[in-house]
Amino acid sequence: MGTHRRAQAGPRGVSRGVLIAAVSVVVLVVLVFGWMRLRDASAEQGTEAAQRCVEGDTTLRVAADPTIADTVRQIADSFDATDPVIRDRCVRVQVDAVDAATATAAITGVDPAAAPDLWIAPDSAAAARVADRAASTPRSFAASPVVVAASGAAADALRAANPTWGALPGLLGQADAPIPLLPVGAATTAAGSAMVADALGLGAAAPAETDMTSPAAVRVLANIGAASVRGDSPAPADTAAALDAVAGSPTAVTFATFATAQQIGLRPDLEAITPVGAAPVADYPAVVLQTPSGADDSVIAIAGELLNYARDTGADTIRSAGFVPVEEIPGARAADSPAVADLVASAFAQPIGVSTTTLLVDISPPTAAAVSGTGAAGTDTIRDAVGAAIGDVLQRLPDGTRVGLVTFGRTDATPLPYQLTIPAATLSSPGTEGSATHRDRILTALEAWPQTGSSDTGITTTADAYATLINRYRTAVADRVADMPNRVVVISVAPNADGTLSPTTATTQLAAAIDPAEPVQVDAILIGSGPDTAEWGRLTAATGGRTEQLGTAAGFELPNLLTTMF
């Protein structure tokens with residue numbers, strides 16, 4: 001019979017529930033222990049921080065030009081994230097976008113509390129205005145070259161022309177060229193100074209204040225100012241508004257403006273055109289300001305630490321925003337002085353418009369008299385002084401101005417009371433009779449004027465100013481150029497008592513020649529006591545013009561007055 005083997009029983013297993021409970025207890029113990037250690041560590045760190053920041057909290061106030069404020073703010077936020085403690089102070093940075101004029105006023109004002117601790121200025125010309133308040137020599141925070149912003153056909157035309165900075169004003173002033181929109185600011189003034197420097201052959205050197213008053217420099221500024229007043233478009237409030245206008249300009253009217261390459265790089269609808277020559281640069285100097293007398297200077301050290309952080313850790317942020325170190329901009333121009341920047345800004349703010357103007361100039365015998373007072377160099381007679389004044393003004397007028405020259409005074413050989421010397425034409429147009437330009441032709445004619453009395457000219461004592469005016473006014477109306485002011489400017493010295501026209505007849509004939517649909521304004525400059533001021537006043541007023549009387553042709557009063565009549 002078979003046998004039965006009894007199975008042997010093994011050891012009994014541990015309950016799963018018991019294991020889970022045990023593990024849970026261990027985890028709980030670890031968590032409680034970890035929390036207590038973390039609490040103690042946090043308390044220790046808080047105590048340590050409090051001990052390190054024994055001087056409390058300090059906020060570094062930074063004013064940054066609006067064109068770089070966002071980048072400065074990004075770097076400041078990154079700096080704050082490191083919980084910096086400097087000179088036993090817990091530091092935070094506050095960045096505000098502040099334009100140059102407001103920042104300068106705050107820094108140079110009487111209330112030190114209104115001034116920032118650190119100013120990131122738009123360029124060195126702006127920083128130089130507060131040089132006496134700087135705690136150290138400013139260094140560039142970032143940089144970007146100033147260029148021309150354009151789009152569409154305007155960009156194509158500028159790119160094809162590839163102009164130098166000096167040639168740019170004349171190019172923008174052409175009838176079919178883009179109109180430069182010019183908010184007066186750092187980019188505009190830097191560009192204007194670059195145009196002057198290039199036209200004067202200064203290379204990368206900055207113009208001196210005396211350079212800016214030279215006829216060539218004034219002409220450059222007048223050219224671009226004149227170009228900017230074409231059309232009815234108002235000047236934009238700032239560069240951002242100008243860039244919007246350039247990008248959205250209709251086909252019929254194109255615009256251009258000056259901005260930094262960094263600003264244009266953010267706009268895919270715009271193109272940066274870089275003229276040939278030394279580039280103006282927005283170098284954004286960091287100006288650390290002095291603390292008030294007797295005050296703690298820790299903010300100076302804090303500003304220095306922020307700037308060091310920006311140059312090292314913040315360098316990638318600066319580059320990613322489109323800026324570069326100033327050392328990487330080849331051929332950068334030297335910074336302008338505040339005085340030069342002011343002269344450029346003033347020229348842009350008060351541009352000279354182009355016009356068609358016919359000058360009627362008295363060269364009768366009274367003009368051969370010695371000039372009274374102190375005249376310009378080489379001007380011995382009234383005629384010399386008048387010629388020198390006209391020449392000075394012509395050198396300063398925009399190239400697009402149209403000027404004609406007529407001298408009057410009856411001669412034995414000429415039955416007419418006037419002689420048409422040079423017909424009106426654009427000053428920059430090709431000249432004739434061996435002159436390079438129309439401006440040169442007029443200047444040559446002025447130099448060739450008779451230097452003595454009537455024996456050399458055949459001119460009698462009759463000025464015949466009224467007869468000359470009526471004849472040339474009729475011609476000006478018939479040849480009027482649209483879309484610009486048309487003027488006749490009379491410069492008279494001799495009386496007109498024995499002329500071919502009486503004042504009454506002249507007034508009647510002028511009234512008949514006036515055409516409201518083709519307006520031509522008459523202005524008169526009377527030198528000395530010979531001309532009849534009252535009669536000339538009635539004649540000029542009839543056309544909407546004015547009459548001015550000067551006691552002498554000497555000095556600068558005549559050219560200054562004549563400039564206002566173009």
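In what follows, the accompanying structure is described. Here the structure is a predicted model, which is why all the values come from computation and not from measurement. (Residues numbered from 1 in each chain as written. Predicted model: local features only at pLDDT ≥ 70, side-chain atom pairs only at ≥ 80, totals over all residues. Heavy atoms only, no water.)

## With respect to the state of the cysteines
Per the counting criterion, the structure on display carries 1 disulfide. Linked covalently through their sulfurs, C53 and C90 form a disulfide whose S-S length is 1.9 Å. Disulfide C53 to C90: torsion about the S-S bond roughly 85°, handedness right-handed. In this pair, C53 is assigned in the loop between α1 (16-52) and β1 (57-64) and C90 in strand β3 (residues 89-97), connecting sequence segments 37 residues apart. (Disulfide = S-S within 2.5 Å. Helix = DSSP H or I, 4+ residues; strand = E, 2+ residues; numbered from the N terminus.)

## Digging into helix α9 (residues 239-247)
Those residues of α9 that sit buried are T239, A242, L243 and V246. Burial along α9 is one-sided: seen end-on, the buried residues are contained in an arc of 100°. In the core, the buried residues of α9 are packed alongside β6 (144-150), β8 (255-260) and α10 (261-265). At the N-terminal boundary of α9, the capping side chain belongs to D238, with an oxygen 3.3 Å from the backbone nitrogen of A240. (Buried < 20%, exposed > 50% of the residue type's maximum accessible area, 1.4 Å probe, protein only. Arc of directions from axis to C-beta. Contact = heavy atoms within 4.5 Å. Polar contact = N/O pair within 3.5 Å; in protein donor to acceptor, adjacent residues only side chain to side chain.)

## Re the packing of helix α2 (residues 69-80) against helix α11 (residues 298-312)
Relative placement of two packed helices is described by the angle separating their axes and the distance separating the axes. Direction vectors running N to C along α2 and α11 enclose 105°, while the axes themselves pass 10 Å from each other. With respect to their mutual orientation, α2 and α11 come out roughly perpendicular. Residues I75, A76, S78 and F79 of α2 touch α11, and the partners they reach there are E305, L306, Y309 and A310. Among the residues forming the contact of α2 with α11, the class breakdown is 6 nonpolar, 1 polar and 1 charged. (Axes fitted to C-alpha atoms, helices over the stretch in contact; angles between N-to-C directions. Parallel < 35°, antiparallel > 145°, perpendicular 65-115°, else oblique. Nonpolar A, V, L, I, M, F, W, Y, C, P; charged D, E, K, R; others polar.)

## Here we look at the environment of I422
Secondary-structure assignment places I422 in strand β14 (residues 418-426). Looking at I422, the relative accessible area reads 3%, which means it is buried. Through-space distance from the C-alpha of I422 to that of L359 is 9.8 Å; in sequence the pair is 63 residues apart. I422 has contacts with G404, L405, H438, R441, I442 and A445, leaving out every residue within four places of it along the chain.

## What to know about the nonpolar core
Ranked by size, the top nonpolar core spans 34 residues in total, and within it L359, V386, I390, L394 and L562 carry the most contacts. Contributions of two or more residues to this core are made by β12 (356-362), α14 (382-396), β13 (402-408), α15 (438-447), β15 (486-492), β16 (521-527) and α19 (557-563). Excluding its chain neighbours within four sequence positions, the residues that come into contact with L394 are V403, L427, R439, I442, L443 and L446. In this structure, V62, A64, V299 and L306 belong to the second largest nonpolar core, which totals 31 residues. (Core = buried A, V, L, I, M, F, W, Y, C linked by side-chain atoms within 4.5 Å.)

## Digging into the packing of aromatic side chains
Geometrically, a pair of aromatic rings is defined through the distance of the ring centres and the angle of the planes. Counted under the stated rule, the structure contains 3 aromatic pairs. Measuring from ring centre to ring centre gives 5.3 Å for F79 and Y309, while their planes differ by 65°; the resulting arrangement is edge-to-face. Pair noted here: F79 is in helix α2 and Y309 is in helix α11, with a separation of 230 residues, a long-range link. The buried category is assigned to F79, whose relative accessible area is 5%. Overall, Y309 belongs to the buried group, its relative accessible area being 15%. Geometrically, the ring pair formed by Y284 and F323 is edge-to-face, given 5.5 Å between the ring centres and 85° between the ring planes. Residue Y284 is located in the loop between β10 (281-282) and β11 (285-288), and its partner F323 is located in the loop between α12 (315-320) and α13 (338-349); the two are separated by 39 residues in the primary sequence. There is no split in this pair, since Y284 and F323 are both buried. (Phe/Tyr/Trp six-rings, centres within 6.5 Å; stacked < 30°, edge-to-face > 60°.)

## Some remarks on the environment of T381
Take T381: it is sitting in the loop between β12 and α14. Overall, T381 belongs to the buried group, its relative accessible area being 9%. Distance from T381 to P366, taken between C-alpha atoms, is 9.5 Å for residues 15 residues apart in sequence. A polar atom in the side chain of T381 sits 3.0 Å from the backbone nitrogen of D384.

## Considerations on the packing of helix α16 (residues 465-478) against helix α17 (residues 503-513)
For the pair α16 and α17, interaxial distance at closest approach is 10 Å and the crossing angle is 0°. By the angle between their directions, the pair α16 and α17 is classed as roughly parallel. Only P503, A506, Q509, L510 and A513 of α17 make contact with α16, whose side of the interface consists of Y466, I470, Y473, R474 and V477. Across the contact of α16 with α17, the residue classes break down as 8 nonpolar, 1 polar and 1 charged.

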